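Commentary on secondary and tertiary structure
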Amino acid sequence: MKKRAFLKWAGGKYSLIDDIKANLPQKKILVEPFVGAGSVFLNTSYDYYILSDLNSDLINLYKIIQKEPFSFIHESKKMFTSKFNSKDEYLRIRESFNSTSDQFLRSIYFLYLNRHCFNGLCRYNKKGIFNVPFGRYIKPYFPEKEILFFSEKAKQAEFLCQSYEDTFDLITKESVVYCDPPYAPLSSTSNFTSYVSNGFNLDDQAKLANLAEKSAKLTSVLISNHDTPLTRRLYKGAKLNTIKVKRVIGQTTSSRKKVNELFALFD
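Residues numbered from 1 in each chain as written. Predicted model: local features only at pLDDT ≥ 70, side-chain atom pairs only at ≥ 80, totals over all residues. Heavy atoms only, no water.

The protein chain appears in an unreviewed UniProt entry as Site-specific DNA-methyltransferase (adenine-specific) from Paraphotobacterium marinum. Listed in UniProt under the heading Sequence similarities (unreviewed entry), the comment for the protein chain reads: "Belongs to the N(4)/N(6)-methyltransferase family." Quoted verbatim from the Catalytic activity (unreviewed entry) field of the UniProt record, the comment on the protein chain reads "a 2'-deoxyadenosine in DNA + S-adenosyl-L-methionine = an N(6)-methyl-2'-deoxyadenosine in DNA + S-adenosyl-L-homocysteine + H(+)". (UniProt positions renumbered as here; feature names shortened; annotations may be inferred.)

It is worth spelling out the overall build of the protein chain at this point. For the protein chain, the count of helices and strands is 10 helices and 7 strands. The C-alpha radius of gyration of the protein chain comes to 18 Å, within 12% of the 18 Å expected for a compact globule of 267 residues. Over its C-alpha atoms, taken along the principal directions, the protein chain stretches across nearly 55 × 40 × 35 Å. Burial statistics for the protein chain: of 267 residues in total, 52% are counted as buried. In the protein chain, of all internal contacts separated by at least 6 residues, the share reaching a separation of at least 24 is 68%. (Helix = DSSP H or I, 4+ residues; strand = E, 2+ residues; numbered from the N terminus. Rg over C-alpha atoms; globule rule 2.2 N^0.38 Å. Buried < 20%, exposed > 50% of the residue type's maximum accessible area, 1.4 Å probe, protein only. Contact = heavy atoms within 4.5 Å.)

Next up on the list: the packing of aromatic side chains. Inspection of the entire model under this criterion finds 19 aromatic pairs. With centroids separated by 5.7 Å and ring planes inclined at 85°, the aromatic side chains of F34 and F200 adopt a geometry described as edge-to-face. Here F34 is found in the loop between strand 1 (29-32) and helix 2 (39-42), whereas its partner F200 is found in the loop between strand 4 (175-179) and helix 9 (202-215), with 166 residues between them in sequence. Here F34 matches F200 in class, with each residue buried. Taking the centre distance of 5.8 Å and the plane angle of 85° together, the rings of Y124 and F130 count as edge-to-face. For the pair Y124 and F130, one class covers both residues: buried. (Phe/Tyr/Trp six-rings, centres within 6.5 Å; stacked < 30°, edge-to-face > 60°.)

Most peptide bonds take the trans configuration, and most residues that are not glycine carry a negative phi. Positioned with a positive phi, N119 is a non-glycine residue whose angle comes to about 60°. Looking at the element boundaries, N119 is found in the loop between helix 6 (103-116) and helix 7 (144-153). Not every positive phi belongs to a glycine, and R136 is a case in point at roughly 60°. Considering the arrangement of structural elements, one finds R136 in the loop between helix 6 and helix 7.

Shown next, in the form of structure tokens:
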């Protein structure tokens, strides 16, 4: 039975787990340079995991849940009541999140914002300020059982806040790499790259492809992305596989349609 991540996440891989596992070789260690919400981590069975991301709030949250899950659950659950489910309270907590340097508080606020903000987006401006508006949900879900499962699974993991380049430096012959970068745009209006304040541009797409191809001399690297002429050029040295996935391309439900998802395996 598939396990859901406790965070909402743009581009989350829960619905594609079976397809990813079918394309991902089995070794002792899984390395993920773009861990995101961790759906692949939660639904695979490697001996050990090296999980990294440039989003320092995300990695801080994971480390705290790894070390002190019960304290985290006890404190964060207090904020999932009707008292805190209003625009005024949301904006107050968002401001507190953006101003505090207390890492435990930031982790609590980060989960609250994720579950109360619009569409569960994680977006920062160029100054690193979280700026997603209030989501207006009737009763935001507190993911206690998902957090507990994550904390147990995290005993097998190391969480790192660093670039994908630095994470590639950690791979060995005993590891396999899965990359889920911010996707290349399908159109000029569909590019969403603001998981962290510095974004992920087309040069980064090319750098990642080159790094994956070089690393294939040591181990296998699987990358998922949109299936576009650009990504096919970038991944020309890989084994390519495509599937159809349903995705919202615009801001309305009428723009929900199936697009091609590309898996590129360098080995």
